Structures are given as structure tokens and as C-alpha cells.
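Analysis of the macromolecular model
Here is what each chain is made of, one letter per residue.
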Amino acid sequence: MCGIVGYIGTKNCTPLIVNALKRLEYRGYDSAGVAVISHNQLQVQKKAGKVAELVAIVDSHPIVGTVGIGHTRWATHGAPTDINAHPHMDQQRRFALIHNGIVENYMTIKHRLEREGRTFTSQTDSEVLVQLISLLYDKVHDFETAVRLGLKEVEGAYGIAIICADEPDKLIAARKGSPLVIGIGEDEFIVASDASAIVSHTRQVVYLEDGEIAVLTRTGFTTKTIDDVPVTKEVEEITFDIEQLEKGGFPHFMLKEIHQQPETIRDAMRGRLLPAEGTARLGGLDSVKDRLRQAKRIVFTACGTSWHAALVGEYMLEHYAHVPVEVEYASEFRYRNPVLSEEDVVFVLSQSGETADTLAALREAKRQGALGLGIVNVVGSSIARETDAGVYIHAGAEIGVASTKAFTGQLTMLALITLMIARMKNLSVIEGQRIVEGLQLLPELSKRILSNTQNVEKIAEQFKDARNFLYLGRGYNFPVALEGALKLKEISYIHAEGYPAAEMKHGPIALIDENMPVVVVVPQDDIREKVMSNIEEVRARGGRIIAVATEGDTDIHRLAEHVITIPQTIPMLTPILSVIPLHLLAYYIAVARGCNVDQPRNLAKSVTVE
Ligand code: M6R
């Protein structure tokens, strides 16, 4: 989703801002722009398309200055055109503003400004905001006051950075619902929507909270609320390395991240397993252990791939911890009137920790008195900071828009949480030890899958022109079928549906003919024979089966045109292995179709608007 960069310091900021924008490309965007104060005047360059197109303009017409802002836009209000790209200026060209989020009451404000004689060049809500600030500036003659007063009128969400030609030695940033972080360098400060744009300059950062505004100069910055109450901020350290933002020899971030999984699965467990006791110790949940044991119900809420992980968590927890679990789309949860009590525990799952719907669901859960816990990847993200307690999955920066290693990290964490709760309740130490052993083997087993991907590549080549795919699975692997289908849709633009294998006969079976590839996840578990029957049903109608099955399963070859094998593990952990070939299949199909795997069309890495 939109990316924000702002710089104030002593260096020429245009190349610096453009490079930082490149670091934000992974978030998904459709246009880019920069504004720099040069000789006390605002210079703006912006363009629909990729940052590379902006670079071409900036290279041919360089702008030099030491205060500036840059933006990658993911269109909400108005098409992705040059004019709608950010930064936006006011009519008098005194202010340039970049904005993430949505000004929901922008039409009301716009009509008022039009009555005051303002005219607009773009269709965006963001231009309305900069014009409002400009109008207020005419009255108060003070940059900071005008920004604060303007923001007080906004309904909706924003992360903004704004500069003013009349006060050229200042940069102002503010947030409500859209993340912003300030990087602290030597005689320089960088504002960004995420830390990946900052880490090559400094590791020292300050995270703005909702309703806060920062006024930056070359020598320091102040923070306060938009109601003018000073706020003291803590300086924190970025924990990831610049190498994590590079492809490390892989053609795409997605492939790199798939191959990182033996490590990231290990990292999710590191220091958290207690083999002798057959349980897990999760420091982040220590303070709420009793409430977890006594929980009458656990609710998981999340979006997209994180929601799929939550579905697997439901199967794990109900089976081993005998606690009722519900899984909710965060976007629905927030607008229903969910019935919650203080005895409920609500877990939110999010890779980015910034998904607007998930954050709102967390707030709703807490408002109703439930315990709000997080399973998050990005350290210091909004969700991580707003939960009552929680755990990080430690998967490192995930840059590919399609989530892969974060999914297996979430599943690993859900297995640890299940183990911890189940052992506090009814699970025997022997059973617990069996799960611990299964978990400890996962890094090696996933490495085995990744050591030979040629089979998947060949299958991808053969099916790359299919127009539809069906994905089937049951039990723990039903959510894996959903995930496989989502990944294929996201990056290859092939229509795909995920279904519980047995549910297929209640409708989707009508789609099956000799052109329909059907991917079936059928590992060696209690429900295998049932899935085999479902495969027979597909075969009887001519469907082409691609099976993900356990090594040594010879019978599957009788029915499946292609078989991808995974090593044996305990049923609860199979999704952590079975999803790997599905992510690879989506990847290789997308590559074979010439798609932009890391930045698929229309998608954003972290969805910070509703
Ligand atoms: O950062 P989050 O886990 O909260 O993101 C949720 C979804 O937006 C995300 O999983 C999305 O579905 C991915 N593009 C899936 O690959």
C-alpha cells in the first residue's frame, strides 16, 4: 500500500528519497512522486507507473534540496494517473503533502473549500487535505498550527508528511491509523511508512502513535498530540538487517522467502521448546497463561493468508486443547456486533502488524473486555504495540507481496501455542514430547522439500495456461487448499478455488472436466482414505489430479497424473510442509506466465485502508 518517505538534513535529498522509495516498492503501488524545497520553492515531480519512471524524470531534470518528501501511491480515490499521484500541492504551491489512508469526509471539506474559492486539479482526498491546511495557514500563519487544525477536521485515517516553502527548514509528520516511523541520523531525520526505507541510514527510530504529530528540523524534533499536548517518545532499535531487504541471489523475493523457511521455522521455535516437559515456553504470553488456560473460547481474527493460518490453528487447538475456537475475517468481525466476554481470548494474526481491518478487530475485541493477543511478524508494528500480550514469529522482513514464510511461521507459532495450552490442561507429557519431536524435525523436513523443486517446476510449465484450478484438502489441510488457491490467484491471475475435498460434490464438481487441474493435498493421516475417495470422484469425471502426498505413498500414483511428495510428520504439522509445494507451484506458474511475482497487479503488501 502507499509508501511515505520524508527527509530533512544536510544532504541532497532527491536521490536519497528515490532510493528509499525503491525499498518501499514491495508494498504495492501504481504511481510515485517527490517534492523538494529548492531555493525556497517547491519542486514536484510525479508519474504514474513504477519508481523507475520517476527516476528517469528526476535524472533528466534533477532537483536539489535538503528537505523533501516522496511517495508511492496505491490508488483509492481517483485513477492511477500522473495528476492523482502524490505529492499534492495547494493552489498557491506553498505546501506539498504525501498521504497514506483515506480522508472519509473529504467531499464535505472539498465543497466547503470550493465555496471559499479553491479549485482542485486531482480527484484525490489527499489534495483536499493539503488545500484545507493551506486555507487554515492563511488564517493562523503558522505551519504547525495549520497542520494540527487541519488534521483535527479529518475523519478517517492518515499517515502524512508535509513541507512548506514559507517555513523551509521544517518537515511535519503525523499519523492516525497509518504507520509512521522517524529514523534518527546525524543532523538528519528520515520519516517513513515502514522501517525498510530507513534501515540503510540508521537503526535508531521512533514510532509515532495514532493522533501524534512530529515537527522535524535539521537539529531535532518535537512530538505532541494533534491537540497540542507534548509527548515524550522512546528511541527504539530496528532489529532486521539490510541483507534481508535484498534478494540474496534469488530471482525474486518470493522464491528467496520460500527457501528461507527451514531457517524461519527454526527461528519461530528458537528457545521456545521444552523437550523434557513436552511443552513450549512463550515469554510473550507468560503474563496471560492463566487466562489462556481458563479461556471459555478462543477467537482468531485475521485477513488473507493470516486467516488461513488461523483456520489451521482452530483445528490444532480444538483437537489438542479441547477449547472451542472461532475464526473470523477481521473485516467482518469489526462491523458485526461480536458477542464477547471477559472470559474470551481473541488472537489477531498479522504478518505486517498494520492491516487496518485486523487492527480495528483487535480494538473492538479489547473494547468489549476480551483479552487481545497478537501473533505478529513485524516487530514494533501497530498491532504488536496494541495487543495486551503476544508473540513474534521472527520470520524476518517479508518483501514478496505473496506471504509465504510468514504463513509457515504463523503455523509453527500456533502449534507452540496449542502445545502450551494443551499441556496446561489435559495433554500428557508423552503426547507433548511427540509434538516437540515433530516440531524439531520440521526445519530438516522442509529443507528436503526445497532441495528438489524441479518436479514442481515441470508441472507448472505444463499447467501454466490453465484458466481455472481447484484445490482440495480436508482437516488440517483444508486451509492449505484455500491458501494454495489464494496464492495462485494473487500472483498468476489464474482463477482458483479452494474447497474442503468432500464439499466438492455439493457444487464445484460441476466444473470438473478433462481441462480442470485439481490439486489435492492428501498426506498420510487419519483422513487420507476419505480424501482418496474424493480423488476417485474427480477422476471419474476426467479431472486432472496433481497430488501432494506423503513420501512412500505408492497408491496415489494410480489416481494422480502428478505427485509431489512431502516427508511424513504428525498430522497437526502437515500444513507446514504441504503448503511449501503449493507456494512453489503458484510461483513457477506465475514466472512461466511472465507475471510480476513480487509485485502482483492491484495488490499491496500491507493493507492499511479498509
Ligand atoms: O499483514 P497481514 O498478515 O495482516 O496481511 C493479511 C493479508 O493482507 C495478506 O495475508 C494477503 O492475503 C497476502 N497478500 C497473501 O499472500
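Every value quoted in this text rests on a predicted model; they were computed, and no experiment measured them.

Digging into the overall build of the chain
A count of helices and strands for the chain gives 18 helices and 26 strands. Its C-alpha radius of gyration of 25 Å places the chain within 12% of the 25 Å reference for a compact globule of 610 residues. The principal-axis extents of the C-alpha atoms in the chain amount to approximately 75 × 55 × 45 Å. Measuring between centres, the 63 positive side-chain charges of the chain sit 1 Å from its 77 negative side-chain charges.

Some thoughts on the sheet that holds strand β17 (residues 297-302)
Spatially, β18-β17-β19-β20-β21 is the arrangement adopted by the 5 strands of the open sheet, whose pairing is parallel. Bordering the open sheet on either side are β18 (325-329) and β21 (389-392), each of which pairs with just one other strand. For this sheet, the mean angle separating the axes of adjacent strands, direction not counted, is 20°. Looking at chain direction, β17 and β18 are connected through 5 bridges and run parallel. Opposite Ala302, over in β18, you have Tyr329 as the bridge partner. This element, helix α11 (residues 356-367), spans β17, β19 (344-350) and β20 (371-376) of the sheet and lies at about 165° to β19.

Thoughts on the domain arrangement of the chain
The assigned domain composition of the chain is domain 1 (2-238), domain 2 (249-446) and domain 3 (452-597). Put simply, the middle of domain 2 and the middle of domain 3, counted by C-alpha atoms, are 25 Å apart. Taken together, the contacts link 34 residues of domain 2 with 28 residues of domain 3. Remark: the boundary between domain 2 and domain 3 carries 0 salt bridges. The interface formed by domain 2 and domain 3 contains 5 residue pairs in polar contact (both at pLDDT 80 or more). Residue assignment for the side of domain 2 that touches domain 3 shows that the elements contributing at least two residues are α6 (253-259), α7 (261-269), α9 (304-321), α13 (405-424) and α14 (429-450). It is α9 that contributes the most residues to the side of domain 2 that touches domain 3, 10 residues altogether. When grouped by side-chain class, the residues that make up the side of domain 2 that touches domain 3 number 19 nonpolar, 14 polar and 1 charged.

What to know about the site of the ligand
Lining the immediate environment of the ligand, one finds 13 residues, of which Ser306, Ser350, Ser352, Thr355 and Glu490 sit closest. Note that an oxygen atom of the ligand is positioned 2.7 Å from one of the side-chain N or O atoms of Ser352. Here a nitrogen atom of the ligand sits 3.2 Å away from a polar atom, N or O, in the main chain of Val401. The protein chains hide 92% of the 410 Å² of surface that the ligand would expose on its own. Broken down by class, the residue content of the shell around the ligand amounts to 3 nonpolar, 8 polar and 2 charged.

Things to note about the pattern of salt bridges
Oppositely charged side chains are able to pair whenever their charged atoms sit close together. Inspection of every chain in the model, using the stated rule, returns 43 salt bridges. Of the charged contacts, one joins Asp555 and Arg528 as a salt bridge, the two residues approaching to 3.9 Å between their closest N and O atoms. Note that Asp555 is positioned in the loop between β25 (544-550) and β26 (562-566) and Arg528 in helix α17 (residues 528-540), a separation of 27 residues in sequence. According to the relative accessible area criterion, Arg528 is buried, its value standing at 5%. Its salt-bridge partner being Asp555, residue Arg558 comes within 3.0 Å of it at the nearest N-O pair. Its relative accessible area of 31% is what places Asp555 among the partly exposed residues. Shared partners join several salt bridges into a network, and the residues in it are Arg528, Glu529, Glu536, Asp553, Asp555 and Arg558.

Here's the deal with the pairing of strand β9 (residues 181-184)
Where β9 meets strand β10 (residues 189-192), 4 bridges bridge the pair, whose relative direction is antiparallel. When the sheet's bridge partners are listed, Ile182 is paired in β10 with Val191. Hairpin geometry of β9 and β10 is characterised by an intervening segment of 4 residues between the two adjacent antiparallel strands and by a positive phi of about 55° at Asp187. Sheet topology note: the β9/strand β11 (residues 204-207) ladder contains 3 bridges and is antiparallel. Each residue of the ladder has a partner; that of Gly183, found in β11, is Val205.

Concerning the nonpolar core
By size, the foremost hydrophobic cluster in this structure holds 98 residues, and its most contacted members are Leu285, Ile298, Phe300, Phe347, Leu439, Phe469 and Tyr471. Residue assignment places this core across two domains, with domain 2 (249-446) and domain 3 (452-597) each supplying three or more. The contact partners of Ile298, leaving out residues within four places of it in the chain, are Leu317, Val323, Pro324, Val325, Glu326, Val345, Phe347 and Ile421. Core analysis: the second largest hydrophobic core is formed by 34 residues, Tyr7, Ala20, Leu54 and Val181 among them.

Some thoughts on unusual backbone geometry
Of note, the amide linkage connecting His86 to Pro87 takes the cis form, showing an omega dihedral of 0°. Within the fold, Pro87 resides in the loop between β4 (67-73) and β5 (88-89). Positive phi, normally seen in glycine, also occurs at Tyr493, with a value near 65°. Here Tyr493 shows up in the loop between α16 (478-492) and β23 (495-500).

A short note on the packing of α7 against α13
Orientation of α7 relative to α13, taken along the N-to-C sense of each, is 30°, at an axis distance of 9 Å. By the angle class used here, α7 and α13 are roughly parallel. Handedness of the α7/α13 crossing: right-handed. Judged by residue contacts, Gln261, Thr264, Ile265, Ala268 and Met269 of α7 engage Lys405, Thr408, Gly409, Thr412, Met413 and Leu416 from α13.

Concerning the packing of helix α15 (residues 454-463) against helix α18 (residues 574-592)
Between α15 and α18, whose axes approach to 8 Å, the crossing angle comes to 50°. The angle between α15 and α18 places the two elements in the oblique class. As for the relative orientation of α15 and α18, their crossing is right-handed in sense. Contacts between α15 and α18 involve Val456, Glu457, Ile459, Ala460 and Glu461 on the former and, on the latter, Pro581, Leu584, Leu585, Tyr588, Ile589 and Ala592. For the contact of α15 with α18, a count of residues per class yields 9 nonpolar, no polar and 2 charged.

Looking at the side chain of Ser403
Positionally, Ser403 belongs in the loop between β21 and α13. Here Glu398 takes part through its side chain, which lies 2.9 Å from a polar atom of the side chain of Ser403. In contact with Ser403, not counting residues within four places along its chain, are Thr305, Gln351, Glu398, Glu483, Lys487, His583 and Lys605.

Rules used throughout
- Numbering of residues starts from 1 in every chain and runs along the sequence as written.
- Local features are withheld for residues below a pLDDT of 70 in this predicted model, meaning they are given only at 70 or higher, and side-chain atom pairs are given and counted only at 80 or more; totals for whole chains, interfaces and linings count all residues.
- By convention in this description, side-chain values take in all heavy atoms of the structure and omit both hydrogens and water.
- A helix here means a DSSP run of H or I that spans at least four residues, while a strand means a run of E at least two residues long, and both kinds are numbered starting from the N terminus.
- Radius of gyration here is computed from C-alpha atoms only, and the compact-globule reference equals 2.2 Å multiplied by the residue count raised to the power 0.38.
- Residues counted as positive are Lys and Arg, residues counted as negative are Asp and Glu, and His and the chain ends are not counted.
- By convention, charge coordinates are those of NZ in Lys, CZ in Arg, CG in Asp, or CD in Glu.
- When DSSP finds at least two bridges between two strands, those strands are taken to pair.
- Orientation is described by axes fitted as lines to C-alpha atoms, over the contacting stretch for helices, and by angles from 0 to 180 degrees between their N-to-C directions.
- We call two residues in contact whenever any of their non-hydrogen atoms come within 4.5 Å of each other.
- All domain edges in this entry derive from an automatic or database-based domain assignment.
- We count a salt bridge whenever a side-chain nitrogen from Lys or Arg sits within 4 Å of a carboxyl oxygen from Asp or Glu.
- Identification of polar contacts relies on pairs of N or O atoms within 3.5 Å, with a donor-acceptor requirement for protein atoms, meaning one able to donate a hydrogen and the other able to accept it, and with residues adjacent in sequence counted only if both atoms are side-chain atoms.
- Throughout this entry, Asp, Glu, Lys and Arg are counted as charged residues, while Ala, Val, Leu, Ile, Met, Phe, Trp, Tyr, Cys and Pro are counted as nonpolar. The remaining residues, Gly among them, count as polar.
- Any residue with a heavy atom lying within 4 Å of a molecule or strand is counted as near it.
- Residue burial considers only the protein chains on display, and all accessible areas are found by Shrake-Rupley using a 1.4 Å probe.
- Only protein chains enter the accessibility calculation, which uses a 1.4 Å probe; a residue is then buried when its area is under 20% of its type maximum, exposed when over 50%, and partly exposed in between.
- Residues belong to one nonpolar core when they are buried, are Ala, Val, Leu, Ile, Met, Phe, Trp, Tyr or Cys, and are joined through side-chain atoms within 4.5 Å.
- Angle categories are assigned with fixed cut-offs, so that under 35 degrees is roughly parallel, over 145 is roughly antiparallel, 65 to 115 is roughly perpendicular, and the rest are oblique.
- Left-handed describes a crossing in which the near helix is turned anticlockwise from the far one by less than a right angle; the clockwise case is right-handed.

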